[in-house]
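Tertiary structure, described
Chain by chain, the residues run as shown.
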Amino acid sequence: MITPVVDPLCEETVVSYIRDLARLSEGHYDTDDWVFPTHYHLLLSHGRRFTATTQPTNPVGAEPKECYSNAARHARDGLPGHLIYAEGYALPHGGNVPVGHAWCVRPDGTVVDPTWADAPGRAYIGVAFREPQDWPYDGGGILQDWQRAYPLLKGGLSEGALLPYGRPL
């Protein structure tokens, strides 16, 4: 049985981390005409809180340190509509500093993390991307990869690009 775990302190640690990085980046880039100056700003505008679980969900074939492609492939190979690719920042089970990460999310907002085999993370803050053709099967992430992030940051998100899974920030 999968037990949902909501830890408000851990979630606030991740949100504060994203806010701090957004503040630190302001004024350092020529992005005045962009919708989002950085992916941190995109996450603060559209990010959601996803519910961690107590059960590891590492599938056969998931590679350590390949979270972006692991999550994309795991969501693609699952039942259609059952899992969606999500990306943002997560607080690892044994760590105190959030890291850029990708995972899968169910429609109810619970996380399926195909990469962290030892124990799921304690908090996940990010966005769920609707379209499987946009998921990074080759790694690199959507928000973390400059070439993929640039059109989203400069021009904004298309209508319906994100799913409202999870809880608002």
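Our subject is the structure listed above.
Overview of the structure. (Residues numbered from 1 in each chain as written. Predicted model: local features only at pLDDT ≥ 70, side-chain atom pairs only at ≥ 80, totals over all residues. Heavy atoms only, no water.)

**Observations concerning the overall build of the chain**
The condition is simple: Going along the chain from the N terminus, every DSSP run of H or I of four or more residues is numbered as a helix, and every run of E of two or more is numbered as a strand. When we talk radius of gyration, it's over C-alpha atoms, and the globule rule is simply 2.2 Å times the number of residues to the 0.38. For every residue, the accessible area obtained with a 1.4 Å probe (protein chains only) is divided by the maximum for its type, and the residue is called buried under 20%, exposed over 50%, and partly exposed between those limits. Pairs of residues are marked as contacts when any of their non-hydrogen atoms sit within 4.5 Å. When charges are counted, neither His nor the chain ends are considered; positive counts come from Lys and Arg and negative counts from Asp and Glu. Lys charges are placed at NZ, Arg charges at CZ, Asp charges at CG and Glu charges at CD.
On a plain count of helices and strands, the chain comes out with 4 helices and 9 strands. Each helix and strand of the chain, ordered N terminal to C terminal, gives the series β-α-α-β-β-α-β-β-β-β-α-β-β. On C-alpha atoms alone, the chain measures out to a radius of gyration of 15 Å, which is about the 15 Å that the 2.2 N^0.38 rule sets for 169 residues. Along the first, second and third principal axes, the C-alpha set of the chain runs to 50 × 35 × 25 Å. Burial analysis of the chain (169 residues in total) assigns 49% to the buried set. Relative to all contacts within the chain whose residues are 6 or more apart in sequence, the contacts with residues 24 or more apart total 71%. Here the chain contributes 13 positive and 20 negative side-chain charges, whose respective centroids are spaced 4 Å apart.

**Things to note about the side chain of Glu87**
Put simply, the test is: Definition used for salt bridges: Asp or Glu carboxyl oxygen within 4 Å of a side-chain nitrogen of Lys or Arg. Here a polar contact is taken to be a pair of N or O atoms separated by no more than 3.5 Å, where protein atoms must pair a possible hydrogen donor with a possible acceptor and residues adjacent in sequence count only if both atoms sit in side chains.
Within the secondary structure, Glu87 sits in strand E4 (residues 84-91). Among buried Asp, Glu, Lys and Arg side chains, Glu87 stands out as unpaired, with Arg148 the closest opposite charge at 7.3 Å. A polar atom in the side chain of Glu87 sits 3.3 Å from the backbone nitrogen of Gln144.

**Here we look at the pairing of strand E7 (residues 123-129)**
Which entries qualify depends on this criterion: Here, a strand pair is defined by DSSP locating no fewer than two bridges between the strands.
Counting buried positions over the 7 residues of E7 gives 7, a clear majority of the element. Strand direction decides the pairing type here: E4 and E7, joined by 6 bridges, are antiparallel. Bridge pairing in E7 places Ala86 opposite Ala128. Summarising the sheet, E7 and strand E8 (residues 162-163) pair through 2 bridges and their orientation is antiparallel. Across the sheet, the residue bridging to Phe129 is Leu162, located in E8.

**A word on the pairing of E4**
Counting buried positions over the 8 residues of E4 gives 8, a clear majority of the element. Note that E4 and strand E5 (residues 99-105) share 7 bridges and pair antiparallel. Considered in E5, the bridge of Glu87 is made with Ala102.

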